[in-house]
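Coordinate analysis (summary)
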Amino acid sequence: MSTLEEHVDVGVPIDKAWDSLHRVENYPRFVEGVRDARTEAGGRAHLDVEVGGRARDVEAEVSDRRGERVMEWHTTGAPELTGSFSLQPIDQNHTRVQARLEYDPDTVRESFGGPRGFAQANAVERLVRSDLEHFKEYVEQRP
């Protein structure tokens, strides 16, 4: 398993950032490759994803520790991915969003295609960084 951790500081209060992360239906606005997303019963989420020209349905279970401002998730089928978002207040109007992703590089490559080895790790890192930057733009512009 590989682990990736990235963060971005956003110019919004922690409650606004937390609320935005929980609106799964808005993920297509800031997560690369997500064409459609919806919340389902029992703390589940369904995402229609297209990466590297391959379309997939991805199901995930989502849980959170609201008091700690940590949202955890894991896919319920292939590809096996586990991750979390943790939010920390910087001050009254700024929040740090920390993303953590655990993945098996071979499984990701088999599911979505793409490079192998170091090149794939760099591609995943760039994608997560880009998604965090898109989240920053989205949450800071949202009324």
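Report on the accompanying structure. (Residues numbered from 1 in each chain as written. Predicted model: local features only at pLDDT ≥ 70, side-chain atom pairs only at ≥ 80, totals over all residues. Heavy atoms only, no water.)

Comments concerning the overall build of the protein chain
Each helix and strand in the protein chain was counted, giving 3 helices and 7 strands. In sequence order, the secondary structure elements of the protein chain are arranged as β-α-β-β-β-β-β-β-α-α. When the 143 residues of the protein chain are sorted by exposure, 37% land in the buried category. Taking all contacts inside the protein chain whose residues are at least 6 apart in sequence as the whole, residues at least 24 apart take part in 49%. Accessible surface for the protein chain amounts to roughly 8,000 Å². Of this, 47% is attributable to carbon and sulfur atoms. (Helix = DSSP H or I, 4+ residues; strand = E, 2+ residues; numbered from the N terminus. Buried < 20%, exposed > 50% of the residue type's maximum accessible area, 1.4 Å probe, protein only. Contact = heavy atoms within 4.5 Å. Areas by Shrake-Rupley, 256 points an atom, 1.4 Å probe, with all protein chains shown as cover.)

Overview of unusual backbone geometry
Of note in this structure, arginine 69 is not a glycine but carries a positive phi near 60°. Structurally, arginine 69 is set in the loop between strand S4 (54-65) and strand S5 (70-75).

Overview of the nonpolar core
The biggest cluster of nonpolar side chains holds 32 residues, and the ones touching the most others in it are Val10, Tyr27, Phe85, Leu87, Val97 and Phe135. Mapped onto this core, the elements with two or more residues apiece are strand S1 (2-10), helix H1 (14-21), strand S2 (34-40), strand S3 (44-51), S5, strand S6 (81-91), strand S7 (94-103) and helix H3 (117-141). In terms of residues, this core owes the most to one element, H3, which gives 6 residues. Apart from residues no more than four positions distant in its own chain, tyrosine 27 is found in contact with Ser20, Leu21, Val34, Ala37, Leu47 and Met71. (Core = buried A, V, L, I, M, F, W, Y, C linked by side-chain atoms within 4.5 Å.)

Here we look at the packing of aromatic side chains
Taken as a whole and assessed by the stated rule, the structure comprises 3 aromatic pairs. Geometrically, the ring pair formed by tyrosine 27 and phenylalanine 30 is tilted, given 5.2 Å between the ring centres and 55° between the ring planes. Across the pair, phenylalanine 30 and tyrosine 27 agree in class, each one buried. A network of ring pairs unites the aromatic residues Tyr27, Phe30, Phe135 and Tyr138 as a single cluster. (Phe/Tyr/Trp six-rings, centres within 6.5 Å; stacked < 30°, edge-to-face > 60°.)

Here we look at the pattern of salt bridges
Counted under the stated rule, the structure contains 15 salt bridges. Taking the shortest distance from any N to any O, the salt bridge between glutamate 40 and arginine 38 comes out at 3.5 Å. When its relative accessible area of 36% is taken as the criterion, arginine 38 is described as partly exposed. In this structure, glutamate 125 engages arginine 129 in a salt bridge whose closest nitrogen and oxygen atoms are separated by 2.2 Å. Remark: arginine 129 and glutamate 125 occur in helix H3; sequence separation between them is 4 residues, near one turn of the helix. Look at arginine 129 and you get partly exposed, because its relative accessible area is 38%. Look at the salt bridges and you will find they share partners, linking Glu5, Arg100 and Glu102 into a network. (Salt bridge = Lys/Arg side-chain N within 4 Å of Asp/Glu carboxyl O.)

What to know about the environment of glutamate 32
Take glutamate 32: it is sitting in the loop between H1 and S2. Considering only alpha carbons, one finds glutamate 32 and valine 128, 96 residues apart in sequence, at a separation of 8.8 Å. Excluding residues that lie within four positions of it along the chain, glutamate 32 makes contacts with Leu127 and Asp131.

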